Structure formats: C-alpha cells, structure tokens
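What the coordinates show
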Amino acid sequence: MPFPKDFTWGVAASAYQIEGGADADGRGPSIWDTFCHTPGKVWHDQHADVACDHYHRVAEDVQLMRQLGAKAYRLSISWTRILPHGKGAINQPGLDFYSRLVDDLLANGVTPFVTLFHWDYPEDLYQRGGWLNRTSAQWFADYVAIVTDHLSDRVQHWMTLNEPQVFLKFGHGDGINAPGLKLPLADQLLATHHTLLAHGKGVQALRAHAKTPAQVGWAPVCVVRYPSTLSEQDQAAARHATCAVTQPDLWNNAWFNDPVLLGHYPEEGLKIFGDACPHVSEGDMQTIKQPLDFLGLNIYEGQPVHAGPSGQAVFTPRPVGHPLTAFRWPVEPESLYWGPRFMHDRYKLPIYITENGLSNVDWVSLDGKVHDPQRIDFTHRYLRSLRRACDDGVDVKGYFHWSLMDNFEWAAGYKERFGLIYVDFETGRRIPKDSALWYRDVIRANGDNL
Ligand code: FCB
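Read on for an overview of the structure. This one's a predicted model, so the numbers in the text were calculated from it and none came from an experiment.

Side chains of nonpolar character tend, in soluble globular proteins, to be buried together. Among the nonpolar cores identified, the biggest contains 131 residues, and W32, Y73 and Y143 are the most heavily contacted of them. It is helix α7 (residues 136–151) that contributes the most residues to this core, 10 residues altogether. Ignoring any residue separated from it by four or fewer positions in sequence, one finds Y143 in contact with I77, S78, W79, I82, L83 and L116. Grouped together as the second largest cluster of nonpolar side chains are 11 residues, F113, F294, Y300 and F418 included.

Here is the structure:
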C-alpha cells in the first residue's frame with residue numbers, strides 16, 4: 001500500500017547544528033555559542049563554529065537533497081544571522097543566505113519548510129532575561145516579521161518553535177542544554193508561558209506579513225505512551241497518559257498543545273503544578289491560541305503502558321535485550337502509530353512528522369561506503385507504523401527524516417550520527433549512506449515498497 005497521494009517526503013536539519021560560519025558575514029552569538037565555549041558543557045568541549053560548514057557548502061547540500069529525491073527540506077533560521085543582537089539592526093547578508101537557499105531549493109524541486117526557532121536564542125537578549133522576560137514574545141514576533149517579509153513570497157510552510165519542552169526543561173530546568181539553567185519549576189513555567197506567547201505573536205506576525213498563503217504550525221516533541229495490549233483499558237490508559245499532564249515537570253504534550261490549540265492550560269496540569277503555575281494576564285490565551293494549519297510532531301520513541309488497578313497508566317517493562325539505538329534510545333516503532341493517532345483525535349489538525357530518526361554507529365567501510373542497515377530497518381519499521389496510522393484515518397501529510405546529514409548533536413557534540421548522509425568533520429566530505437539510497441527508493445515508490 002502506498003502512502004497518501006501528495007505525501008510530503010522530507011529531510012530535516014537545523015541552523016546551529018549544520019551551518020557553522022559562526023562569525024561569517026556579521027552573525028551574532030547565540031546562547032549555544034556561549035554554552036559550547038564554556039568548558040565542561042558539551043562532550044569533549046565540542047562546538048558548532050564549523051559543524052558541517054553548510055553555510056559555505058549549501059549548494060552542494062541542495063544537490064544532495066535533489067539526488068535523494070526529497071520533496072521537502074525542514075530548515076531553521078538562525079535568529080542572530082538576521083539580527084546579530086536579537087533585535088535592532090538587520091544583517092542583510094544573513095537574510096541573503098536564506099533567500100539564496102530558498103531559491104536553490106525551489107529550483108531543484110524541494111519545498112522549504114521553515115522553522116523560526118530551533119533553540120539558538122540570541123545571547124544579547126538572554127542577557128536581558130531571555131525567556132524569563134515577557135518581552136521575549138515581542139522580540140520573537142519582530143524577528144518573525146522580518147523573516148516573513150523577505151521569504152514569504154517563496155516560502156509557504158512555517159513552524160514557530162521547535163520542541164519547547166526540550167529547550168525549556170533541559171535548558172532551563174536540568175541545565176544540560178543551553179543556557180544551562182537549573183531554575184525552580186515556577187520559573188520554568190513562567191519561561192514556558194512566555195514562549196507560548198512568542199508562538200502566538202509569531203503566528204500573528206506571520207499571517208500579517210505573509211505575501212503568499214501561509215501554512216503555519218509548530219513542532220513540539222510528542223511524548224508517546226502507547227498501549228502494550230489492544231485491550232480497551234490499556235488503550236484508555238495510554239491515551240490519558242499521552243494527552244494529560246501526569247507528573248510535575250515539563251515532559252508532556254498537554255501543557256504546550258492545549259493552550260496553543262484549545263486556548264487554555266489543562267486542568268490536571270493546573271492541579272499538579274499548583275502554586276508554581278504562571279500568572280496569566282487577560283488576553284494571553286487569545287494571543288496564544290492562533291488558528292494553525294497543521295501540528296508538527298517530533299517522535300523518536302515511546303513508552304509501553306498498561307492499565308493499573310484504578311485504570312491509570314503503569315509502565316510495562318520492556319523485555320530484556322530490547323533494541324536500543326547508539327544514543328541508547330529504545331527502538332519503538334509503535335510510537336509512530338499511537339502518537340499521531342492520539343494527537344489527531346485530540347486536536348483534529350493535519351499532522352506532519354517533523355522529526356524521526358536515530359543515531360547509529362556509522363563509519364566509512366574499506367569499500368569507501370557507509371553501511372547502516374540499522375537505520376534502514378529502524379526507518380522501515382517506523383514508516384510501516386505511520387502508514388498504519390494513515391490507513392486508520394489519521395491525517396498525516398508528511399514525514400521528515402532527522403537528519404539530512406550527520407551534525408552537531410547539542411550536548412553530545414559529534415558523538416551521535418543521525419544523518420542519511422555521512423559527514424567527515426575533518427574534511428567536510430559528504431558520503432550518502434546506504435540508508436540515503438534506500439530512502440530515495442522509498443520516496444520514489446511513495447512508500448509502496450515498505
Ligand atoms: C531533537 C532535536 C533535534 C535533534 C534530534 C536528535 O530533540 O529537535 O535538533 O537534535 O533531537
């Protein structure tokens with residue numbers, strides 16, 4: 001069975017992880033530059049000053065996408081390439097870079113899907129309080145307006161924020177990502193409220209400035225709990241655990257998607273967070289809840305659960321020896337069925353899988369090729385689940401494999417290789433892995449070969 005007609009087969013990457021060119025043409029520093037250059041924060045003190053040097057090799061990378069037959073490319077814009085200080089003076093060369101990239105993608109039959117914020121928050125605005133400062137929402141909207149003015153004659157697909165759960169929890173709560181803060185829950189929730197406002201104001205700016213009809217969404221993590229059996233009780237327990245706030249931290253879907261898509265914080269979250277909940281000013285929820293055209297979901301794994309004595313979700317232990325990726329993330333193809341299904345049932349929006357993939361132990365073989373059968377098998381299994389979701393009526397519009405190429409994996413540096421294309425970080429040389437050729441065939445067959 002093929003995937004739905006016009007299914008968007010894509011690949012994804014993000015600015016800080018691939019571009020390099022940290023000081024090129026007037027780019028300003030982001031919190032990730034600062035974090036990486038603080039000893040002890042990133043694996044082997046690595047940084048992305050050069051990364052894949054995509055900034056200088058962009059034409060070659062677009063050709064690789066063309067050879068892959070990718071229909072779409074999910075890229076992100078570096079805020080400080082456009083506004084080196086986060087606000088104020090515009091850096092024209094930064095805009096020109098993305099403008100050329102968009103032209104080149106379109107000339108090669110690849111549709112750009114643009115993420116406006118993929119974690120590289122401007123350092124200068126961080127010095128003014130960052131996401132803890134409510135004005136962040138306006139700074140973001142002003143930046144979005146500039147990008148929209150320059151690219152929306154050619155770009156129609158937009159996402160505001162990538163994985164707010166991750167940059168808020170791991171960046172502001174656990175301290176393992178930039179900016180490395182370990183704030184109390186109340187402050188994490190305040191920063192969250194401001195990012196939700198930023199999303200809302202960002203969508204308003206996009207709609208007000210778009211020169212062609214804009215398709216707008218966002219790309220949160222989808223935290224998936226899936227039923228370990230098909231019994232009604234297990235399904236209900238899994239659905240509840242996926243759709244509600246059940247523990248006192250930011251690792252959930254509802255605290256983010258309910259305000260954005262339903263216009264209010266979820267009841268159970270308000271109870272669990274109690275006094276730590278942020279003050280909501282009049283009009284905030286109207287700002288946050290803007291009409292969206294799609295919901296993006298980043299899904300890598302899920303956790304099996306069953307119904308406990310009172311119907312609540314209880315984790316089902318995985319069998320001993322359950323497969324793990326190189327990152328030690330469990331291989332859970334079921335997540336690409338149940339995640340989209342629960343989210344579609346709850347929010348009723350078309351869905352794009354905006355990220356899915358794995359890190360694998362890849363190297364160049366004696367024959368000069370990169371053989372990655374695990375990546376092929378992993379993606380094969382996950383895509384079968386996704387097709388099952390489509391068959392069962394979930395409106396899935398597309399799938400973006402993370403990632404186009406090996407890149408800087410945040411606090412793990414270059415330890416984890418997620419690419420369909422291998423990158424030799426010493427020379428910059430790219431080698432499409434076996435999985436890239438396999439994915440090309442999947443795209444050609446619209447998944448009918450899976
Ligand atoms: C996601 C991030 C993405 C990449 C993958 C592996 O959490 O959005 O940038 O690092 O994980």
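Now that the structure is up, let's keep going.
Further remarks concern the pattern of salt bridges. For the coordinates displayed, the defined rule picks out 25 salt bridges. For the salt bridge of E334 with R388, the shortest nitrogen-to-oxygen distance reads 3.1 Å. With a gap of 54 residues between them, E334 in the loop between β9 (313–315) and α14 (335–347) and R388 in helix α15 (residues 373–391) connect regions that are remote in the sequence. What makes E334 partly exposed here is its relative accessible area of 29%. Taking relative accessible area as the criterion, R388 reaches 34% and is therefore assigned partly exposed.

Pairing in this open sheet of three strands is mixed, and the strands run β6-β8-β9 from one edge to the other. Since the sheet does not close on itself, it has two edges, and those belong to β6 (225–227) and β9, each with one partner. Between one strand axis and the next, the sheet turns through 50° on average, direction left out of account. Where β6 meets strand β8 (residues 303–307), three bridges bridge the pair, whose relative direction is parallel. Its bridge partner being in β8, P227 is matched across the sheet by V305. The sheet contacts of helix α10 (residues 232–243) involve β6, β8 and β9, and relative to β6 the element is tilted by about 170°.

If you trace the eight strands from one edge of the open sheet to the other, you get β5-β4-β3-β2-β1-β11-β10-β7, paired in parallel fashion. Two strands lie at the open edges of the sheet, namely β5 (215–219) and β7 (295–298), each paired on one side alone. In this sheet, neighbouring strand axes are inclined to one another by 25° on average, regardless of whether the strands run parallel or antiparallel. Of the strand pairs in this sheet, strand β1 (residues 8–12) and strand β11 (residues 396–402) are connected by five bridges, and their pairing is parallel. Looking at β11, one finds that A12 is bridged to W402.

Attention shifts here to unusual backbone geometry. A cis amide bond links A178 to the next residue, P179, at an omega of 5°. Its place among the elements puts P179 in the loop between α8 (164–172) and α9 (185–209). Residue S403 is bonded to the preceding W402 through a cis peptide linkage, with omega at 15°. Position of S403 among the secondary structure elements: in the loop between β11 and β12 (421–423). One non-glycine residue with positive phi stands out, namely D25, at about 50°. By the element assignment, D25 lies in the loop between α1 (15–18) and α2 (31–36).

In the vicinity of the ligand, the contacting residues are Q17, H118, W119, N162, E163, N298, Y300, E355, W402, E409, W410 and F418. In the environment of the ligand, an oxygen atom lies 2.8 Å from a nitrogen or oxygen atom belonging to the side chain of H118. Between E163 and the ligand, the recorded distance is 2.4 Å, taken from a side-chain N or O atom to an oxygen atom. The fraction of the free accessible surface of the ligand (300 Å²) that becomes covered by protein chains is 95%.

Okay, the state of the cysteines next. Applying the stated criterion to the full structure yields zero disulfides. Considering cysteine sulfurs only, C222 is the nearest to C243, which forms no disulfide, with 8.4 Å between them. With no disulfide partner, C277 has as its closest neighbouring cysteine sulfur the one in C243, 19 Å distant.

Counting buried residues in β11 gives six out of seven residues, a clear majority hidden from the surface. As paired strands, strand β10 (residues 351–356) and β11 are joined by four bridges and run parallel to one another. Along β11, the bridge assignment pairs Y352 with G398.

Relative to each other, α8 and α9 sit at 150°, their axes nearing to 10 Å. Here α8 lies roughly antiparallel to α9, going by the angle between them. α8 and α9 meet at a crossing whose hand is right-handed. Residues F167, L168, K169 and H172 of α8 lie in contact with α9, whose contacting residues are Q188, A191, T192 and T195.

It is worth spelling out the packing of α7 against α9 at this point. At their nearest, the axes of α7 and α9 sit 8 Å apart, and the two run at 30° to each other. Of the possible angle classes, the one that applies to α7 and α9 is roughly parallel. Where α7 crosses over α9, the two elements pack in a sense that is right-handed. When α7 is examined against α9, the residues A137, Q138, F140, A141, V144, A145, T148 and D149 are found in contact with a partner set consisting of H194, L197, A198, K201, G202, A205, L206 and H209. Split by residue class, the contact of α7 with α9 holds nine nonpolar, five polar and two charged.

Basis of the calculations
Residues numbered from 1 in each chain as written. Predicted model: local features only at pLDDT ≥ 70, side-chain atom pairs only at ≥ 80, totals over all residues. Heavy atoms only, no water. Core = buried A, V, L, I, M, F, W, Y, C linked by side-chain atoms within 4.5 Å. Buried < 20%, exposed > 50% of the residue type's maximum accessible area, 1.4 Å probe, protein only. Helix = DSSP H or I, 4+ residues; strand = E, 2+ residues; numbered from the N terminus. Contact = heavy atoms within 4.5 Å. Salt bridge = Lys/Arg side-chain N within 4 Å of Asp/Glu carboxyl O. Pairing = 2+ DSSP bridges. Axes fitted to C-alpha atoms, helices over the stretch in contact; angles between N-to-C directions. Near = heavy atom within 4 Å. Polar contact = N/O pair within 3.5 Å; in protein donor to acceptor, adjacent residues only side chain to side chain. Areas by Shrake-Rupley, 256 points an atom, 1.4 Å probe, with all protein chains shown as cover. Disulfide = S-S within 2.5 Å. Parallel < 35°, antiparallel > 145°, perpendicular 65-115°, else oblique. Left-handed = near helix turned anticlockwise from the far one by under 90°. Nonpolar A, V, L, I, M, F, W, Y, C, P; charged D, E, K, R; others polar.

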